[in-house]
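# Breakdown of the fold
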Amino acid sequence: MTLAQAENYRILREADLRDYLAGRPKLTAVLGGVPGDWSITEVGDGNINLVFIVKGARGGVAVKQALPYVRLVGESWPLPLSRAHYEYLALTRQAQLAPGLVPAVLHHNDALALTVMELLEPHIIMRKGLIAGTQYSRFVDDITTFMAQTLFFTSDLALTAAEKKEGIAAFAGNHALCKITEDLIFTDPYRIAEQNRWTAPWLDATAASFREDFDLHVAISRLKLKFMASPEALIHGDLHTGSIMVTESETKVIDPEFAFYGPVGFDVGAVIANLLMAYLASSGHERSPGDRAAFEAWVLETIEGVWNEFARKFLGLWRSDAKGDGYPVSLFAGEAGAARLDTERQAHMARLFQDTVGFAAAKTIRRILGLAHNLDFEAIADEKLRAICEARSLRLARRMMVEASSFATIDAVIKAAREVRGWQPDFAR
Ligand code: SR1
Ligand code: MG
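Residues numbered from 1 in each chain as written. Chains lettered and ligands numbered in written order. Predicted model: local features only at pLDDT ≥ 70, side-chain atom pairs only at ≥ 80, totals over all residues. Heavy atoms only, no water.

## Brief notes about the nonpolar core
Note the following rule: Put simply, buried Ala, Val, Leu, Ile, Met, Phe, Trp, Tyr and Cys residues joined by side-chain atoms within 4.5 Å make one nonpolar core. Three exposure classes are used, based on accessible area relative to the maximum for each residue type with a 1.4 Å probe and protein chains only: buried under 20%, partly exposed in between, and exposed over 50%. Numbering of helices and strands runs from the N terminus; a helix is a DSSP stretch of H or I covering at least four residues, while a strand is a stretch of E covering at least two. For this analysis, residues touch if any pair of their heavy atoms sits within 4.5 Å.
Core analysis: the biggest nonpolar cluster contains 101 residues, and Met147, Trp307, Phe310 and Met401 have the highest contact counts within it. Top contributing element to this core by residue count: helix α11 (residues 264-281), with 14 residues. Residues in contact with Trp307, not counting those within four places in the same chain, are Val268, Ile272, Met349, Leu352, Phe353, Thr356 and Ile410.

See the structure below:
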């Protein structure tokens, strides 16, 4: 951001926002009526930004503005406004690659770090739907299309080396958001850090054991290096179920402000981790024993579908659209070459699955021992019951991280999740 842009930044409060929108004919046409009658409500419940819903006589818009600091913590934690620029860039690219699966951008202002988007209504944050026990029949198809399209077409399998490096450069400045991930996901949960928290006293012993567990520290450090040093594709970077809005018939991926060129497995692992947490939190939301059994079975089927469909679609694109400089077709001539390349594609997917398992574990542990927690668990009012659900998730995640290679298939992950669902931590006995 230039100095001039920085000088033009101000936090928009309601009256200021109304005037701002009223001065933009494209937006007044969407809203309709007179600006004085528009309703403006701040609804942001995320960790970082302001989000307003603005409604007029004809329609509505969502307005997202970055604050110069982390909302969750306050002004003591400054954060560059440029993240709004990267979010806008990512949304635009994702809209080209996965049409209909991200909100349409109606207006963007880099200096104000502000983006106006279509209002997603009656969509809700998927995490809230999962807590309520709702099943989403379109989810597997939509999220796997989103991931396969955005991850394949921004990778070296689809791009020339020059295009790919231009892409990396365009997002390289988003390093402050990467640093949040590097600290909050890959480092802090495994050491004493002021901002860590967990459901005490029940998880005190597990938190302490994770801080002394060198097998875990080796595994998380390998994953951290992979996150930092593997610009495989333009990843969303924060693809949890709070970054997905849903209805029964639509899925929209929002909030790609953490986007950068990173490892593909980080996005896929995020989706799988958050579904595993929804599954293991579910017993904490029961009204009567077993009343969420059908929902839980659906979550497990969904996890299986997310990996299998993603792998099928990604491999399909690799077979049909491999115009990139990675894996030159000229090196795999003839029938024998084609067969060998296909075997290698399968091997690549197996390696990607290992990354996915590891990153899913990392995403789980940070939500239970780190700063930013998940409503899936937080909404369980009975703290001991919450801790039981969290302890099961930590047990599964530790296994997935340290013994990632023993999980060769998604079925193995699901089997382990089922087993741990029936396990009782010592403090529960
Ligand atoms: C300080 S930001 C905490 C978390 O919120 C975002 O959604 C990311 O997951 C980040 O790690
Ligand atoms: Mg977010």
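Read on for the rest.
## Structural notes on empty space enclosed by the protein
Basically, it comes down to this: Definitions used throughout: a 1 Å grid over protein atoms alone; a cavity as a set of points that fits a 1.4 Å probe which cannot get out; a pocket as an open set with protein on both sides within 12 Å along at least five of seven lines; a lining residue as one with an atom within 4 Å of a point. Grid points are joined across faces, edges and corners, and a volume is the space filled by probe spheres set on the points.
Tallied over the entire structure, the rule returns 2 cavities of 30 Å³ or more. Estimates place the volume of the largest cavity at around 60 Å³. Lining the largest cavity are Asn49, Lys64, Ala66, Ala84, Glu87, Ala113, Thr115, Met117 and Glu257. Breaking the lining of the largest cavity down by element, the ones donating at least two residues are α4 (83-97) and β7 (114-118).

## Examining the domain arrangement of the protein
Quoted interface sizes are often the accessible area lost when the parts come together. Selection rule: Note that the domain bounds were set by an automatic or database domain assignment. Throughout, buried area stands for the accessible area (probe radius 1.4 Å) lost by two parts on being put together, summed over both. By salt bridge we mean one thing: a side-chain nitrogen of Lys or Arg within 4 Å of a carboxyl oxygen of Asp or Glu. Pairing of N or O atoms within 3.5 Å defines a polar contact, subject to two protein rules: one partner must be a possible hydrogen donor and the other a possible acceptor, and residues neighboring in sequence count only if both atoms are side-chain atoms. Polar here means any residue outside two lists: the nonpolar Ala, Val, Leu, Ile, Met, Phe, Trp, Tyr, Cys and Pro, and the charged Asp, Glu, Lys and Arg; Gly therefore counts as polar.
By the assigned domains, the protein splits into domain 1 (3-118) and domain 2 (124-428). Spacing between the C-alpha centres of domain 1 and domain 2 amounts to 28 Å. Interface area for domain 1 against domain 2, summed over the two sides, is near 2,300 Å², with a carbon-plus-sulfur share of 67%. The tally of links between domain 1 and domain 2 comes to 5 salt bridges. The partner of Arg83 in a salt bridge is Glu257, and the shortest N-O contact between them spans 3.7 Å. Counting the contacts that link domain 1 with domain 2 gives 6 residue pairs in polar contact (both at pLDDT 80 or more). Among the elements that take part in the side of domain 1 that touches domain 2, α4 stands out by supplying 9 residues, more than any other. Broken down by class, the residue content of the side of domain 1 that touches domain 2 amounts to 15 nonpolar, 4 polar and 6 charged.

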